[in-house]
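Listed here are the chains, written in short residue letters.
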Amino acid sequence: MDIQLQTQLFIDGQFVDSANGSTFEVENPAEAAALASVAEAKEADIDRAVRAARAAFDSDAWQRLPARERGRLLHRLADLAEADIDALARIETLQNGKPYFESRHIDLPEAIAVLRYYAGWADKIQGETLPAADGMFNDTRREPLGVVGAIVPWNFPLLLAVWKIAPALACGNTVVLKPAEETPLTALKLAELAARAGFPAGAINVVPGFGPSAGGALVRHPGVDKIAFTGSTEVGREIMRAASESLKPVSLELGGKSPNIVFADADLKAAVRGVTTGIFYGKGEVCAAGSRLFVEAGIHDEFMEQIVDRARKMTPGDPFDKGTRLGALVSKQQLDRVLHYVQAGVSEGAELLTGGVRVDRPGYFVEAAVFDKVKPEMTIAQEEIFGPVLAGLTFEDVDQAIALGNQTIYGLAAGVWTRDIKKAHRVAHGLRAGTVWVNTFNRYDPTTPFGGYKQSGFGRDLGMHALDGYTQVKSVWIDLS
Ligand code: NAI
Ligand code: MG
């Protein structure tokens, strides 16, 4: 397939070079080879993009656009993405290393579904009339915030961008998107499609660049009204600190160390499948990855054997190969990070049952790793690894399962496997996490809110709950007396 890549910044409806002409290399991690040279946004470019987004927000072209038309633009963008789905999926896999099957049949269809879901919301953002004091008419309006700065990571480059862009635009904001430096190419392609869909110039701007320079400039810019971020907890903290200067609201979707809790009475075949895909899907570079496995003591040995069996079938290899189950990690840095954690697991006394070694081929491949005899306080049970590494622990009863599941600074997601409906509810209610999956894992839907408890962040992506993050409420009083 011949694909036309976009490699310039997208500002005010045009593809342009950066002000000082600087560029950076994007790599194909499955080959450890250069993929594209992309324009690098720095402070001056961010400023230009924010001004364009501000001017677009204030323009008649945007302010007078009926809400229904904003919905229609989002639908048109979805149509164009659908027409180009193979190319978009291909670019996603080339820059991220994930199996093409995942890009083409999961990430892209989900991104398109999210665009359509929020297209439907555009003309349903409404206020209320309130029974305020006698002789007064009081109503509320849900107004957009203005310019939204979206900063997203490399694990689901297009999907997570759409999680922010779609509700932001549906609510009537304009957007400056900073994709991750590892994976800017599908976001730039989306910008091309947005221009073709008919979005006014400046409504969507895409500015690839590095975290502290490009991302930092966006967070500090006084012309940005809100920051929507997905990424590491460490950077989330930094963003909140920097945003406090201009008192920008932020929504943060951060890291996780999600527990997957398997009771002896579960459908064990389904649980084995759910636990392995829960950690190895997307190479484990998934914020909700079920990276801590808790197995009820009575079934421990038998269950771990089956997990190891399945982990060994997670063949790493060419992401475009149909048989590949595990793609390449996104970068050399991420590979080193994962191998470092495997080492930490071994040296702290956990038992490595399988995997955890680099595959002898070009690119950043590592075999699916399963640890057993992990203790709750060990590094691999506490820190987000963001790779295909499962930490196995055991528990004795429901209360202990809940307590251990909660023994983390994170609270993004959790899984529970049991046939007992009471147990399922007790554990689901007891876990401090934004999402709990019962007898399933890693399920997402545009209608369903997703986000963190504790240090996994705050604010919600998806569903009608995300609309709260992209609107503000104005109360209007009219004296009728
Ligand atoms: P990161 O959090 O540094 O990067 C995410 C995004 O934030 C990127 O677009 C980056 O350019 C931007 N960024 C970085 N520093 C910034 C700053 N000071 N101001 C504004 N924007 C900034 O994540 P990174 O370095 O790619 O990965 C490191 C670790 O973070 C991973 O190993 C993983 O554990 C975790 N992570 C978690 C994610 C999640 O969804 N929970 C996503 C990506 C990484
Ligand atoms: Mg970083």
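The model shown is predicted, which means the values in this text are computed figures rather than measured ones. (Residues numbered from 1 in each chain as written. Chains lettered and ligands numbered in written order. Predicted model: local features only at pLDDT ≥ 70, side-chain atom pairs only at ≥ 80, totals over all residues. Heavy atoms only, no water.)

1. Notes on the packing of aromatic side chains
Here is step 1: The full count for this structure, using the stated rule, is 12 aromatic pairs.
Here is step 2: Seen in terms of ring centroids, W437 and F441 are 4.7 Å apart; in terms of plane orientation they differ by 55°. Their pairing is tilted.
Here is step 3: Among the residues examined, W437 registers a relative accessible area of 6% and is labelled buried.
Here is step 4: Taking the relative accessible area as the measure of exposure, F441 reaches 8% and is therefore buried.
Here is step 5: An aromatic cluster is defined as three or more aromatic residues linked by ring pairs; in this entry it consists of W163, W437, F441, Y444 and F450.
Here is step 6: The aromatic ring of F320 is capped on one face by R90, whose charged end is 4.8 Å from the ring centroid.
Here is step 7: Directly above the ring of F365 sits R361, whose terminal nitrogen or CZ lies 4.7 Å from the centroid. (Phe/Tyr/Trp six-rings, centres within 6.5 Å; stacked < 30°, edge-to-face > 60°. Buried < 20%, exposed > 50% of the residue type's maximum accessible area, 1.4 Å probe, protein only. Lys NZ or Arg CZ within 6 Å of the ring centre and 35° of its normal.)

2. What about the domain arrangement of the chain?
Put simply, an interface is often sized by how much accessible area is lost when its parts join up.
Here is step 1: According to the domain assignment, the chain contains domain 1 (9-254 + 456-477) and domain 2 (259-447).
Here is step 2: In this structure, domain 1 and domain 2 have C-alpha centres spaced 30 Å apart.
Here is step 3: Listed by partner, the interface residues are 35 residues for domain 1 and 31 residues for domain 2.
Here is step 4: Where domain 1 abuts domain 2, roughly 2500 Å² becomes buried across the two surfaces, and 63% of that area is made up of carbon and sulfur atoms.
Here is step 5: Interface area lost by domain 1 to domain 2 is led by A30, W154 and S456, which between them contribute 20%.
Here is step 6: Here domain 1 and domain 2 share 10 residue pairs in polar contact (both at pLDDT 80 or more) between them.
Here is step 7: Going through the elements one at a time, α4 (85-96) and α5 (100-121) are the ones with two or more residues in the side of domain 1 that touches domain 2.
Here is step 8: Among the residues forming the side of domain 1 that touches domain 2, the class breakdown is 16 nonpolar, nine polar and 10 charged. (Domains from an automatic or database assignment. Contact = heavy atoms within 4.5 Å. Buried area = accessible area lost by both parts, 1.4 Å probe. Polar contact = N/O pair within 3.5 Å; in protein donor to acceptor, adjacent residues only side chain to side chain. Helix = DSSP H or I, 4+ residues; strand = E, 2+ residues; numbered from the N terminus. Nonpolar A, V, L, I, M, F, W, Y, C, P; charged D, E, K, R; others polar.)

3. Looking at the layout of surface pockets
Here is step 1: A volume near 1100 Å³ is recorded for the largest pocket.
Here is step 2: Together, 41 residues line the largest pocket, and W154, F229, G231, S232 and V235 are the ones closest to its centre.
Here is step 3: Counting only elements with at least two residues in the lining of the largest pocket, the list comes to α8 (211-220), β10 (226-230), α9 (233-243) and α12 (332-347).
Here is step 4: The class makeup of the residues in the lining of the largest pocket is 18 nonpolar, 13 polar and 10 charged. (1 Å grid on protein atoms, 1.4 Å probe; cavity = no way out; pocket = protein on both sides within 12 Å on 5 of 7 lines; lining within 4 Å. Points joined across faces, edges and corners; volume = space filled by probe spheres on them.)

4. Points about the environment of E40
Here is step 1: Along the chain, E40 turns up in the loop between β4 (33-39) and α1 (43-58).
Here is step 2: Overall, the relative accessible area of 10% leaves E40 in the buried class.
Here is step 3: With 35 residues separating them in the primary sequence, E40 and L5 have C-alpha atoms 15 Å apart.

5. Concerning α12
Here is step 1: Across its 16 residues, α12 extends 22 Å between first and last C-alpha, which sits within 8% of the 22 Å expected from 1.5 Å per residue.
Here is step 2: Among the residues making up α12, those that are buried are Q334, L335, V338, Y341, V342, A344 and G345.
Here is step 3: Where α12 is buried, its residues touch β14 (351-354), β15 (369-372), α13 (379-382) and β16 (389-395).
Here is step 4: Of the residues one or two after α12, G349 is the one with positive phi, at around 100°. (Expected span 1.5 Å × (residues − 1).)

6. Brief notes about the site of ligand 1
Here is step 1: For ligand 1, the set of nearby residues contains 27 residues, the closest of which are V152, W154, E181, S232 and R337.
Here is step 2: At a separation of 2.8 Å, an oxygen atom of ligand 1 approaches a polar backbone atom of V152.
Here is step 3: In the model, an oxygen atom of ligand 1 is placed 3.0 Å from a nitrogen or oxygen of the Q334 side chain.
Here is step 4: With respect to the pocket detection grid, ligand 1 is positioned in the largest pocket.
Here is step 5: Looking at the shell around ligand 1, the elements with two or more residues in it are α8, β10, α9 and α12.
Here is step 6: The greatest single-element share of the shell around ligand 1, amounting to four residues, is contributed by α8.
Here is step 7: Residues from two domains meet in the shell around ligand 1; each of domain 1 (9-254 + 456-477) and domain 2 (259-447) gives at least three. (Near = heavy atom within 4 Å. Sits in = over half its atoms within 2 Å of the grid points.)

7. A closer look at the sheet that holds strand β6 (residues 136-144)
Here is step 1: Strand order in the open sheet formed by three strands is β5-β6-β20, with antiparallel pairing between adjacent strands. Of all the strands in the sheet, the pair left with one neighbour each is β5 (129-130) and β20 (471-479).
Here is step 2: Bridge count between β6 and β20: nine bridges; the pairing is antiparallel. Paired with N138 across the strands is W477, a residue of β20. (Pairing = 2+ DSSP bridges.)

8. Here's the deal with the packing of helix α14 (residues 398-405) against helix α15 (residues 421-430)
Here is step 1: The interhelical angle for the contact between α14 and α15, taken along N-to-C directions, is 30°, at an axis separation of 9 Å. Classified by the interaxial angle, the pair formed by α14 and α15 is roughly parallel. α15 is crossed by α14, and the crossing has right-handed handedness. Counting all contacts with α14, which are made through V398, D399 and I402, the residues of α15 involved are K423, R426, V427 and G430.
Here is step 2: In terms of residue class, the contact of α14 with α15 is made up of three nonpolar, one polar and three charged. (Axes fitted to C-alpha atoms, helices over the stretch in contact; angles between N-to-C directions. Parallel < 35°, antiparallel > 145°, perpendicular 65-115°, else oblique. Left-handed = near helix turned anticlockwise from the far one by under 90°.)

9. Remarks on the sheet that holds β15
Sheet strands pair via backbone hydrogen bonds, and the direction of the pair is either parallel or antiparallel.
Here is step 1: The strand order across the open sheet formed by seven strands is β14-β15-β16-β13-β12-β17-β18, and the pairing between neighbours is mixed. Since the sheet does not close on itself, it has two edges, and those belong to β14 and β18 (435-438), each with one partner. With strand direction ignored, the average angle separating the axes of adjacent strands in the sheet is 25°.
Here is step 2: Examined bridge by bridge, strand β12 (residues 259-262) and strand β17 (residues 413-417) share three bridges and lie parallel to one another. Within the sheet, the bridge partner assigned to I261 lies in β17 and is V416.

10. Here we look at the nonpolar core
Here is step 1: Counting 103 residues, the largest nonpolar core has Y118, L177, F199, V262, L293 and F303 as its most contacted members.
Here is step 2: Among the elements that make up this core, the one with the highest residue count is helix α6 (residues 157-170) (11 residues).
Here is step 3: Setting aside anything within four residues of it in sequence, one finds L293 in contact with N260, V262, V275, F303, M304, I307, L390, A391, G392 and L393.
Here is step 4: L329, L335, I380 and A381 belong to the second-largest nonpolar core, a separate cluster that totals 31 residues. (Core = buried A, V, L, I, M, F, W, Y, C linked by side-chain atoms within 4.5 Å.)

11. Observations regarding the side chain of Q6
Here is step 1: On the secondary structure map, Q6 appears in the segment before β1 (9-11).
Here is step 2: Here the side chain of Q6 touches E192 through a polar contact of 2.8 Å, side chain to side chain.
Here is step 3: What Q6 contacts, discounting residues up to four positions off in sequence, is F15, L185, L188 and E192.

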